[in-house]
Amino acid sequence: MTFPALTRLQDGLAALKAGHLERRRRLLDGTQGAHATIDGQRVVSFCSNDYLGLAADPALVQAAHAALETCGVGAGAAHLITGHHRFHHEFELAFARFVGKPAALLFSTGYMANLAGVTALVGRHGEVFADKLNHASLVDAAQLSGASFTRYRHADLAQLEGQLAASRAQDKVIVSDLVFSMDGDIVPVDALLDLAERYDAWLYLDDAHGFGVLNGGRGGLTERARASDRVIYLATLGKAAGVAGAAVAGHAGVIEWLIQKARPYIYTTASPPLLAACLLESLRQIEAGDTRRERLHRHVAQLREGLANLTCGTLMESATPIQPLLIGANADAVRLSQALLQRGLLVPAIRTPTVPAGTARLRITLSAAHSTEDVAQLVEALHAVA
Ligand SMILES: *Cc1c(COP(=O)(O)O)cnc(C)c1O
């Protein structure tokens, strides 16, 4: 039995397939890591965000086992009912101290944390100013807030300043990825803070890809941004931290406001406390993780040197472990990705709507868990398939 609504949906699926835009979930067995079993094939994976190789680290696994014995599995309730466990609480204190902010709040996912953070700062009479390449969760957060939504060209602070000057909204927030997730470039934090100060706006920075990696693991905030009460900092904890969740850090009044007002915080069950116990161990590993970070930065240099004169694509400017290889057409990116997979190298093709049309790319991500040989193998394979 079919009906018109279902037919339209199936036509939509067929259109995705025809445009090489259909997505598929790959099946992972065993642990996440630089070497993984995906769709039954043993591969070197260049697409996880487990930048430090912590996702299956024995110390974190051990922390999970130990916590399980004392706190069980489920949180059982929202944070404001009875779900706020001492492990959650201790992690918030440790995280705030580590990133140099007065207070922090733990969320189950970065997506939810962004919905909460942005909607709590501005409402219908406010205005959100956003970089056009911001992560989808920040776009959705702006829309959910009901505020006016003004976007500026990627990294175009002159355009942003014009928009701020023209704004008549009382509550303003500048929202940006700190490290852009599909491009790997880093935002000029202090220049954004200058604008935020000049126009009395909040500055909300999403450091999903910088936390754990930049500045001894503390992430991409500058000293000035750390000290500024108008800067709100978000780190996700499922990437370099290797576990799950996200934390928002800022002035104690901002964090208290989120607890009182942010619906995506209030109306959801707390994450399992054992994850917070893992996160405490992860924080220790990040803090002591200079060796991992040095290895990671060596891999970045090795890759960039190896691909400097590649013919099938251009490595985008990036000093972070996100090293996108710009290809252009969807079909070409997909074809290259498939050719690499035949050689046991997993590098996904990223297409619209995740990135602008005509800028399909291979998003290579590096990890401290890779070896020098892994990176050399990828460089060789890319030259061979080009
Ligand atoms: C991954 C990501 C998120 C979402 O975080 P999750 O914990 O995966 O929900 C938010 N912002 C950016 C920039 C991201 O890359």
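Rules used in this analysis
- Residues numbered from 1 in each chain as written.
- Predicted model: local features only at pLDDT ≥ 70, side-chain atom pairs only at ≥ 80, totals over all residues.
- Heavy atoms only, no water.
- Helix = DSSP H or I, 4+ residues; strand = E, 2+ residues; numbered from the N terminus.
- Buried < 20%, exposed > 50% of the residue type's maximum accessible area, 1.4 Å probe, protein only.
- Salt bridge = Lys/Arg side-chain N within 4 Å of Asp/Glu carboxyl O.
- Axes fitted to C-alpha atoms, helices over the stretch in contact; angles between N-to-C directions.
- Parallel < 35°, antiparallel > 145°, perpendicular 65-115°, else oblique.
- Left-handed = near helix turned anticlockwise from the far one by under 90°.
- Contact = heavy atoms within 4.5 Å.
- Nonpolar A, V, L, I, M, F, W, Y, C, P; charged D, E, K, R; others polar.
- Near = heavy atom within 4 Å.
- Polar contact = N/O pair within 3.5 Å; in protein donor to acceptor, adjacent residues only side chain to side chain.
- Areas by Shrake-Rupley, 256 points an atom, 1.4 Å probe, with all protein chains shown as cover.
- 1 Å grid on protein atoms, 1.4 Å probe; cavity = no way out; pocket = protein on both sides within 12 Å on 5 of 7 lines; lining within 4 Å.
- Sits in = over half its atoms within 2 Å of the grid points.
- Domains from an automatic or database assignment.
- Buried area = accessible area lost by both parts, 1.4 Å probe.
- Points joined across faces, edges and corners; volume = space filled by probe spheres on them.

Relative to the helices and strands, T236 is located in strand 9 (residues 231-236). According to the relative accessible area criterion, T236 is buried, its value standing at 10%.

If you walk through the whole model with that rule in mind, you get 14 salt bridges. Salt-bridge contacts for E161 lead to R198; the nearest nitrogen and oxygen are separated by 3.0 Å. Taken together, the residues E161 in helix 7 (residues 157-166) and R198 in helix 8 (residues 189-198) connect sequence positions 37 residues apart. Its relative accessible area of 52% is what places R198 among the exposed residues.

In this section: the packing of helix 13 (residues 290-306) against helix 15 (residues 372-385). Running from N to C, helix 13 and helix 15 point in directions that differ by 20 degrees, and their axes come no closer than 10 Å. Between helix 13 and helix 15, the crossing angle belongs to the class labelled roughly parallel. Where helix 13 crosses over helix 15, the two elements pack in a sense that is right-handed. Packed against helix 13, whose contacting residues are H299, Q302, L303 and G306, the element helix 15 presents T372, V375, A376, L378, V379 and H383 at the interface. Residues that form the contact of helix 13 with helix 15 fall into these classes: five nonpolar, five polar and no charged.

The ligand sits among 14 residues. The nearest are G110, Y111, D206, H209 and K239. Take G110: an N or O atom from its main chain is 2.7 Å from an oxygen atom of the ligand. For the ligand, an oxygen atom lies 2.6 Å from a polar atom in the side chain of K239. Here the ligand, which alone exposes 380 Å², has 82% of that area covered by the protein. In this structure, the ligand is accommodated by the second largest pocket. The element best represented in the shell around the ligand is helix 5 (residues 110-121), accounting for three residues. Looking at the shell around the ligand, its residues break down into two nonpolar, nine polar and three charged.

Attention now goes to the domain arrangement of the chain. The assigned domain composition of the chain is domain 1 (25-52 + 290-385) and domain 2 (58-287). Summarising the inter-unit geometry, the C-alpha centres of domain 1 and domain 2 are found 27 Å apart. Summing the contributions of domain 1 and of domain 2, the shared interface buries around 1,500 Å²; its carbon and sulfur component is 59%. Of all residues in domain 1, L52, R293 and T320 bury the most surface against domain 2, accounting for 30% of the area lost on that side. Put simply, domain 1 and domain 2 have one salt bridge between them. Ionic pairing is found between R361 and D183, a salt bridge with its closest N-O pair at 3.2 Å. Joining domain 1 to domain 2, the criterion identifies 10 residue pairs in polar contact (both at pLDDT 80 or more). For the side of domain 1 that touches domain 2, the secondary structure elements donating two or more residues are helix 13, strand 12 (322-328) and strand 15 (360-365). Looking at the side of domain 1 that touches domain 2 element by element, the count peaks at five residues for helix 13. Per-class residue counts for the side of domain 1 that touches domain 2 are 11 nonpolar, five polar and seven charged.

Its volume calculated, the second largest pocket comes out at about 190 Å³. Surrounding the second largest pocket, 18 residues form its lining, G110, H135, A208, T236 and K239 being those nearest its centre. Elements represented by at least two residues in the lining of the second largest pocket include exactly helix 5 and strand 9. No other element matches helix 5, which puts three residues into the lining of the second largest pocket. Its residues assigned to classes, the lining of the second largest pocket shows six nonpolar, nine polar and three charged.

Attention shifts here to the environment of G313. Relative to the elements of secondary structure, G313 occurs in the loop between helix 13 and strand 11 (314-315). A relative accessible area of 10% means that G313 is categorised as buried. As a C-alpha pair, G313 and L362 span 49 residues in sequence and 9.0 Å in three-dimensional space. Setting aside chain neighbours within four positions, we find G313 in contact with L325, L326 and I327.

With that settled, consider the side chain of T365. With respect to the secondary-structure elements, T365 resides in strand 15. Within the local environment of T365, its side chain forms a polar contact with the backbone oxygen of S48, the two atoms lying 2.7 Å apart. If near-sequence neighbours (up to four positions away) are discounted, T365 is found in contact with F46, C47, S48, N49, Y51, P321, I322 and H370.

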